Structures are given as structure tokens and as C-alpha cells.
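# Results of the structural survey
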Amino acid sequence: MKLYQRKANDLAPLGQADPYMIKAGDGRYYLYASGGEGPQLYSSDHLKESWKYEGRCLDMTGQKECWAPSVIELDGKYYMYYSCLDADCEDEHGQTMRVAVSDSPSGMFKQVKKLLPPFSIDAHAVKTPSGLYLFYCNNDYEAERAGTFIQCDKLTDPYTLERKPVAVVRPTINEEIYQKDRFKKGQHWHTIEGAFYFYKEGTHYLMYSGACYQNPTYFIGYSIAHGPEDADLRTLPWTKYPDDHTYAPLLFKTKEIEGMGHNSVIFDDGKAYIVYHGRDNVEHDPAVTEDLRCARIDELKIDGDVLSVTPTV
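The paragraphs below set out a description of the structure included in this document.

Each value, and the rule that gives it
- Residues numbered from 1 in each chain as written.
- Predicted model: local features only at pLDDT ≥ 70, side-chain atom pairs only at ≥ 80, totals over all residues.
- Heavy atoms only, no water.
- Helix = DSSP H or I, 4+ residues; strand = E, 2+ residues; numbered from the N terminus.
- Buried < 20%, exposed > 50% of the residue type's maximum accessible area, 1.4 Å probe, protein only.
- Contact = heavy atoms within 4.5 Å.
- Phe/Tyr/Trp six-rings, centres within 6.5 Å; stacked < 30°, edge-to-face > 60°.
- Salt bridge = Lys/Arg side-chain N within 4 Å of Asp/Glu carboxyl O.

### What to know about the environment of Ala231
One can find Ala231 in the loop between β17 (219-226) and β18 (239-240). On the basis of relative accessible area, Ala231 is assigned to the buried category, the value being 11%. When neighbours within four sequence positions are excluded, Ala231 is seen to be in contact with Ser130, Tyr133 and Leu236.

### What to know about the packing of aromatic side chains
In total, this model carries 16 aromatic pairs according to the counting rule given. When the ring of Phe135 is compared with that of Tyr197, the centres are 5.7 Å apart and the planes differ by 20 degrees; the resulting orientation is stacked. Pair noted here: Phe135 is in strand β10 (residues 131-140) and Tyr197 is in strand β15 (residues 187-200), with a separation of 62 residues, a long-range link. With relative accessibility at 6%, the residue Tyr197 sits in the buried group. Aromatic pair Tyr141 and Trp189: ring centres 5.0 Å apart, planes at 45 degrees, arrangement tilted. Within this pair, whereas Tyr141 is found in the loop between β10 and β11 (147-157), its partner Trp189 is found in strand β15, the two being separated by 48 residues in sequence. Judged by relative accessible area, Tyr141 falls into the partly exposed class, the value being 35%.

### A look at the pattern of salt bridges
Should the charged atoms of two oppositely charged side chains come close, the side chains can pair. A complete count under the given rule lists 17 salt bridges for this structure. Residues Asp45 and Arg28 are paired through a salt bridge, measuring 2.7 Å at the closest nitrogen-oxygen approach. Remark: Arg28 occurs in the loop between β1 (20-23) and β2 (29-33) and Asp45 occurs in the loop between β3 (40-44) and β4 (52-56); sequence separation between them is 17 residues. Among the salt bridges present, the one from Asp232 reaches Arg234, with a minimum N-O distance of 2.9 Å. A single salt-bridge network, built from bridges that share partners, covers Asp153, Glu162, Asp232 and Arg234.

Honestly, it's all geometry; don't read function into it.
Here is the structure:
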């Protein structure tokens, strides 16, 4: 179901891409979404209804074209991990991973530090019994399946990476092709992005999006690893479900919805919910240049290694 429906006189942006949801220490729900002018914030006292658009929540001084904000609460402060271009950068692959901080989940978040060199996008910071970790994406132009892939590194504090990253999910199938012959003839560009990690009862799950959101094969998939909750996430034997060579999407295009991807997960009242973006097929018109993706939520069923979702319209 949609979380937020834009009204004719609403100043909120039409797109709610890369939705990331948390339940903050104040008991309210907050959703952060990509926005060229800065991360867009929505809030509600209820998980599935009464969402209110709050506006931009990051001070964008010296920055532009923000992607995929994720937020974690640590010791009463809120840290946003995201990627942006410098304001004077004209290279679309100049996206750089950064961290910003706020005393409140509603911001205004202030940039503190660049964490990685470009190209680095799509962060998910997680705290486990073994420490603080950051999942993020880089490009590999020399791999057999060249493209964007997911790495994991440990944070020694919210602002500092250990700089011992490990690749945890790489492209392995044709359905993950973003664009054929993208940078040079004969080299198809693949994309695995939008990492989201969680743990439950002996299984580690790492969710991701594959391909381009405008492609018919665009999908949400996941990798699994078995191990103790306090394992170093970089040492786990990650394997795509059901295996590295089978296209078995958790969510992908239906008759009603297309472009479903880049999710987060929230646990609430004993249930798990997946929050993701998608576009109504009936609304999609090639002549429309605005981003029609909007945030959606559905219950996520967890049965051992098997995740399942029934998307609602």
C-alpha cells in the first residue's frame, strides 16, 4: 500500500524514491527519501497512515543531488549516511558517501565528514553485538560482470571506517544488467545496490535491488548467511537466495506496479514490514519526466531462509 499520496496543492515532491524508515526514540515513525535538493522527510504517529510531509531535512550547503539517505540512532543522536555530489561537481559518478548528524530525527542534519571517495552510494549503517558496520556500493569496471556491487566495512565510530571492506554481493545473472554496452562495446553494465541488512534467529539477511528501476527485470532480492548474531559481517559466507545463478525476485513488476526496489525493513508489534518504492502502471507515461516512484509498505514474511511479500495496490 502507498504510504503517502500527493495532493494537488501539496508542496511535497512527487517521487519518494529509496524510502528508509525508522521508529525513533520519541515513538514516532520517520521516513527519509531521495531528493535532488536534499533528503525528503515524512513523519507519522502510525505505521501505515497519516503520514505528513515535513520537507527537506539535510543542510545541503556545498552539496547537490542527494541519494538514498539512511538514518541510525546512536546514544541519543541521529546519524544520516547518504551520498551527494559537491556543488561544483559535473561528473555524475562523483557521488561521495558522507555522514551527517542531528540531535533530532527530524533534522536539520549537518554534514560532518566524507567517508569514502567517489563513486560510493547507497549506505546502510547497522549496529550488531560485534560493532557498527556500513554497507555501501562501489563500481568495478574490471570484473567479469562489470558494474555496481555491495561492500561491507566496519565503523570504529560513526565517522570513521576501518578501511577493510569486503565485497558481499556481486552481480551474477543477466537479469541484473543495468544497461548493455554502457561504457564500452561488449561490456554490459550490471547493478546491485540498495543494501539493507537484518538478523533473525540464526540467519543474516542482506536485501538489495538489481538492474535499473526502469528495466522490466528490476527487482528486490536478498542474500543470506548463517552464523551467530555477533559475527563480523564481513566474514559471513553470503549467498544469494536461492543461489547465485537463479533469478528469484522477492518483489518485481506486476500488472499494477512497476519499478519496485530499494527497500528498508522495520519491525513493529511483532511483525516485519518492507518499505520500498514503486510506480503505478496506470500512472506511467513515457512523456512524463517527473519521478513517479512513491513509498509503499507491505508485511514481510520470514520463514527460515525464505522471505515473501504479497504487494498490495
